[in-house]
Amino acid sequence: MSGRTHAGACPERTCVGCRERAAKTDLLRIVAIKGACVPDPRGTLPGRGAYVHPALVCFDQAVRRRAFTRALRAAGALDTKALRQYVEQTTVADQATP
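Quick look at the structure, then. (Residues numbered from 1 in each chain as written. Predicted model: local features only at pLDDT ≥ 70, side-chain atom pairs only at ≥ 80, totals over all residues. Heavy atoms only, no water.)

Attention shifts here to the overall build of the protein chain. A count of helices and strands for the protein chain gives 3 helices and 5 strands. Along the protein chain, helices (α) and strands (β) appear in the sequence β-β-β-β-β-α-α-α when read from the amino end. The dimensions of the protein chain, computed from C-alpha atoms along their principal axes, are 55 × 40 × 25 Å. Looking at the protein chain residue by residue over its 98 residues, the buried ones come to 31%. Looking at the protein chain, you have 16 positive and 8 negative side-chain charges, and the mean spots of the two groups are 10 Å apart. (Helix = DSSP H or I, 4+ residues; strand = E, 2+ residues; numbered from the N terminus. Buried < 20%, exposed > 50% of the residue type's maximum accessible area, 1.4 Å probe, protein only. Lys, Arg positive; Asp, Glu negative; His and termini not counted. Charge placed at Lys NZ, Arg CZ, Asp CG, Glu CD.)

Following this line, the structure appears as structure tokens:
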């Protein structure tokens, strides 16, 4: 035996809010489009992406630390209003499902 496992490797990414590593499927991908942070839940939008847990705690930490601007290599400040609304809706939907 070679010692290798036959289970597929799960890609990991780092949350820009809490800086913890997690499975890519557990994180929300964010891209910058025309000066705004846009959620990319399917992970198909073009461009550089940053990952954050879909929780308000991590989102607020990322905004406070200006992590989106740095991770996405944006020239100026990014608008995060649409992203905040998306995270709030996702959080409410997760709490509503049993």
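Moving on, we come to the pattern of salt bridges. Tallied over the entire structure, the rule returns 4 salt bridges. Between Asp40 and Arg29 there is a salt bridge, with the nearest N and O atoms lying 2.6 Å from each other. Here Asp40 is found in strand S4 (residues 36–40), whereas its partner Arg29 is found in strand S3 (residues 28–33), with 11 residues between them in sequence. Accessibility classification places Asp40 together with Arg29 in one group, the buried group. (Salt bridge = Lys/Arg side-chain N within 4 Å of Asp/Glu carboxyl O.)

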